[in-house]
Amino acid sequence: MSKPTDGELLAGVEALTPSHAFERTAASGESATDPESGSSRIRLTRRAWLIAGTLALTTALWAAGRLDELGGAGLWPWRGPSQLVMLWSAALASLAILSVVRARALEPLFGGLDMAVRLHRKLGLAALLLLAAHVALLAADAVAQGASLAAILVPFWSRDERSIDILAFYALMALGLLAYNRRIRHERWLALHRLIGLVFLFGTVHAAMQPGTIQLYEPLRTWIVMLLLVGAIAWIYRGRLFRRFGPRYRYQDRKSTRLNSSHMSDLVCRLLLEKK
């Protein structure tokens, strides 16, 4: 990030409150928790319980909806795991969006914004990898049953609604790869990042509306809808409402240091004016 020539950042920069100071610290790799207080362990436990509880409940609801088929050969070894990893992917994507919502009431749950940003990166990557595993398992199931592999991988090959899911998958994979391209400017990367969350949410909504894993069992469908609402509200708040109504300050750039270990800069800013 280049240093402004006039020495002052433009008015409208998001507030460097204690919450936002966590995010600046995360870029430099420092810890925002006090190692002597032991609070980091508590916060880690909260994050772990949140993720584990979400995945456990998702798995339990899926198993309850497939109770009559669990002992049969129809679900194993490919179709059942493909359904489950897709549900895990949707759940982790919603948590990834929620983790960076920048709501102070939720920050203790994730251990502060610095830890939330790190968790967001891990959950987002895990969601994309699980989505790729879902398609790979579907393809393996199609081969095992002697079905057309093109119907799984090629959009509009068949006349069912799966074409939209295939297009959403390729769009997410392409956007995910671009998100790891460090040559992209930060503004474009940020817009790309928000688009990934939007496509993921719309893809999951479409899957929830189609006959299949989610729609067949109402408790599971209700749970997935709840996760989608959490992710959608967090995306709207972070991407739209926070930028418009969030606190804004004016700063002076006092120190800018290029970090050799990563393509990031550590900024030290001084508050010039009160909140606008």
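So, how was this worked out
- Residues numbered from 1 in each chain as written.
- Predicted model: local features only at pLDDT ≥ 70, side-chain atom pairs only at ≥ 80, totals over all residues.
- Heavy atoms only, no water.
- Core = buried A, V, L, I, M, F, W, Y, C linked by side-chain atoms within 4.5 Å.
- Buried < 20%, exposed > 50% of the residue type's maximum accessible area, 1.4 Å probe, protein only.
- Contact = heavy atoms within 4.5 Å.
- Patch = residues over 30% accessible without salt bridge, like charges linked within 9 Å, V, L, I, M, F, W, Y side chains within 5 Å.
- Areas by Shrake-Rupley, 256 points an atom, 1.4 Å probe, with all protein chains shown as cover.
- Salt bridge = Lys/Arg side-chain N within 4 Å of Asp/Glu carboxyl O.
- Helix = DSSP H or I, 4+ residues; strand = E, 2+ residues; numbered from the N terminus.
- pLDDT = per-residue confidence, 0-100.
- Polar contact = N/O pair within 3.5 Å; in protein donor to acceptor, adjacent residues only side chain to side chain.

### Notes on the nonpolar core
Logical step 1: Counting 46 residues, the largest nonpolar core has Leu123, Leu172, Phe200 and Ile224 as its most contacted members.
Logical step 2: Residues contacting Phe200, with those up to four places away along its chain left out, are Ser89, Ala90, Ala93, Ala127, Leu128, Leu131 and Leu172.

### Considerations on a nonpolar patch on the surface
Logical step 1: A cluster of nonpolar side chains, Ile236, Tyr237, Leu241 and Phe245, forms an exposed patch at the surface whose accessible area comes to about 400 Å².
Logical step 2: Mapped onto the elements of the fold, Leu241 is located in helix H9 (residues 218-245).
Logical step 3: On the basis of relative accessibility, which here comes to 39%, the residue Leu241 falls in the partly exposed class.

### Things to note about the confidence of the model for the protein chain
Logical step 1: A residue-level look at the protein chain finds 70% of positions with pLDDT of 70 or above and a mean pLDDT of 75.
Logical step 2: Averaged pLDDT values over the elements of the protein chain bottom out at 36 in strand S1 (residues 13-14) and peak at 93 in helix H3 (residues 79-99).

### Comments concerning the side chain of Ser94
Logical step 1: Inspection of the secondary structure assignment puts Ser94 in helix H3.
Logical step 2: Residue classification places Ser94 among the buried positions, given a relative accessible area of 3%.
Logical step 3: A polar atom in the side chain of Ser94 sits 3.0 Å from the backbone oxygen of Leu227.
Logical step 4: Beyond its immediate sequence surroundings of up to four residues, Ser94 is in contact with Leu227, Leu228 and Gly231.

### So, the pattern of salt bridges
Logical step 1: Summed over all chains, the structure comprises 2 salt bridges.
Logical step 2: As a salt-bridge pair, Glu69 and Arg66 come within 3.7 Å of each other at their nearest N and O atoms.
Logical step 3: Under the relative-accessibility criterion, Glu69 is labelled partly exposed at 31%.
Logical step 4: Arg66 gets classed as buried once you look at its relative accessible area, which sits at 4%.
Logical step 5: Of the charged contacts in the structure, one is a salt bridge between Arg79 and Glu69, with a shortest N-O distance of 3.1 Å. Note that Arg79 is positioned in helix H3 and Glu69 in the loop between helix H2 (39-65) and H3, a separation of 10 residues in sequence.
Logical step 6: The exposure class of Arg79 is partly exposed, given its relative accessible area of 26%.
Logical step 7: Linked through salt bridges whose partners overlap, the residues forming this network are Arg66, Glu69 and Arg79.

### Overview of the side chain of Ser89
Logical step 1: Mapped onto the fold, Ser89 is located in helix H3.
Logical step 2: Those residues in contact with Ser89 that lie beyond four places of it in its chain are Ala127, Leu130, Leu131 and Phe200.

### A short note on unusual backbone geometry
Outside of glycine, negative phi angles account for most residues, and trans bonds account for most peptide bonds.
Logical step 1: In this model, Trp76 is joined to Pro77 through a cis peptide bond whose omega is 5 degrees.
Logical step 2: Assignment of secondary structure puts Pro77 in the loop between H2 and H3.
Logical step 3: Unusually for a residue other than glycine, Arg102 sits at a positive phi of about 65 degrees.
Logical step 4: Its location among the elements puts Arg102 in the loop between H3 and helix H4 (107-110).
Logical step 5: Taking the relative accessible area as the measure of exposure, Arg102 reaches 10% and is therefore buried.
Logical step 6: With phi around 65 degrees, Phe156 is a residue other than glycine that occupies positive phi space.

### Notes on the environment of Phe242
Logical step 1: Summarising the element assignment, Phe242 is placed in helix H9.
Logical step 2: Placed 139 residues apart in sequence, Phe242 and Ala103 show a C-alpha to C-alpha distance of 9.4 Å.

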